[in-house]
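# Survey of secondary and tertiary structure
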Amino acid sequence: MGELIAFPTPDRTPAPETEPEPLWREAVGHELREERRTTGRTLSDVAGEAGVSTQYLSEVERGLKEPSSEVLGAVAGALGLRLVDLTIRVSRRLTRISGPVCLAA
């Protein structure tokens, strides 16, 4: 007959506590706020140029709102960024926090 292969017993030690991966909206908000502060702009200045309320922009920056692509484009544009630039920054931030991801299968 065939060979009997023993399966390893599962490790019952609890997984180490790790920080949960941030949500996309939180990472986007962080990058928008960082860019706004780096350029010395105010919430009301950027919000006015982007056509959104100051309160809404504040909520986006704090990761409390999930903005549409139109809003992201308007806010990024008001900050002198293209959507692709913002997306790359967010992706790099998430990679630093979560570790590299292999996309090849």
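A short tour of the structure in this document, coming up. (Residues numbered from 1 in each chain as written. Predicted model: local features only at pLDDT ≥ 70, side-chain atom pairs only at ≥ 80, totals over all residues. Heavy atoms only, no water.)

Within the protein chain, the secondary structure is distributed over five helices and zero strands. Starting at the N terminus and walking to the C terminus, you meet the elements of the protein chain as α-α-α-α-α. The contacts in the protein chain between residues at least 6 apart in sequence include a share of 65% that link residues at least 24 apart. Carbon and sulfur atoms provide 56% of the accessible area of the protein chain, an area that totals close to 7700 Å². (Helix = DSSP H or I, 4+ residues; strand = E, 2+ residues; numbered from the N terminus. Contact = heavy atoms within 4.5 Å. Areas by Shrake-Rupley, 256 points an atom, 1.4 Å probe, with all protein chains shown as cover.)

All right, on to the pattern of salt bridges then. Overall, the coordinates contain eight salt bridges when judged by the stated rule. Residues R41 and E49 are paired through a salt bridge, measuring 2.8 Å at the closest nitrogen-oxygen approach. (Salt bridge = Lys/Arg side-chain N within 4 Å of Asp/Glu carboxyl O.)

A separate point is the environment of A50. Secondary-structure assignment places A50 in helix 2 (residues 43-50). Taking relative accessible area as the criterion, A50 reaches 13% and is therefore assigned buried. Placed 26 residues apart in sequence, A50 and A76 show a C-alpha to C-alpha distance of 8.2 Å. If we skip the residues at most four places from it in the chain, A50 touches A74, V75 and A78. (Buried < 20%, exposed > 50% of the residue type's maximum accessible area, 1.4 Å probe, protein only.)

A pair of packed helices can be characterised by two numbers: the angle between their axes and the separation between those axes. Here helix 1 (residues 24-38) crosses helix 5 (residues 83-98) at 115 degrees, and the two axes come no closer than 9 Å. Between helix 1 and helix 5 lies a crossing of right-handed hand. Of the residues in helix 5, those touching helix 1 at W24, A27, V28, H30, E31, L32 and E35 are L86, T87, R89, V90, S91, R93 and L94. Looking at the contact of helix 1 with helix 5 residue by residue, the class counts come to seven nonpolar, three polar and four charged. (Axes fitted to C-alpha atoms, helices over the stretch in contact; angles between N-to-C directions. Left-handed = near helix turned anticlockwise from the far one by under 90°. Nonpolar A, V, L, I, M, F, W, Y, C, P; charged D, E, K, R; others polar.)

Here helix 5 contains 16 residues, and its C-alpha end-to-end distance of 22 Å stays within 8% of the 22 Å for a straight helix at 1.5 Å per residue. Those residues of helix 5 lying buried are L86, V90 and L94. Projected onto a plane normal to the axis of helix 5, the buried residues spread over an arc of 65 degrees and lie on a single side. Opposite the packed face of helix 5, turned more than 90 degrees from it, sit the exposed residues R92 and R96. Elements in contact with the buried residues of helix 5: helix 1 and helix 4 (69-78). (Expected span 1.5 Å × (residues − 1). Arc of directions from axis to C-beta.)

The next point concerns the nonpolar core. Across soluble globular proteins, you tend to see nonpolar side chains buried next to one another. Residues L32, V52, V75 and L86 are the most contacted members of the largest nonpolar core, which totals 19 residues. Those elements that place two or more of their residues in this core are helix 1, helix 2, helix 3 (54-61), helix 4 and helix 5. The dominant element in this core, judged by the number of residues it contributes, is helix 4, at five residues. Not counting chain neighbours up to four residues away, the residues in contact with V75 comprise L32, V46, A50, V52 and L57. (Core = buried A, V, L, I, M, F, W, Y, C linked by side-chain atoms within 4.5 Å.)

Take E59: it is sitting in helix 3. Once you skip the residues sitting within four places of it in the chain, E59 turns out to touch L64 and K65.

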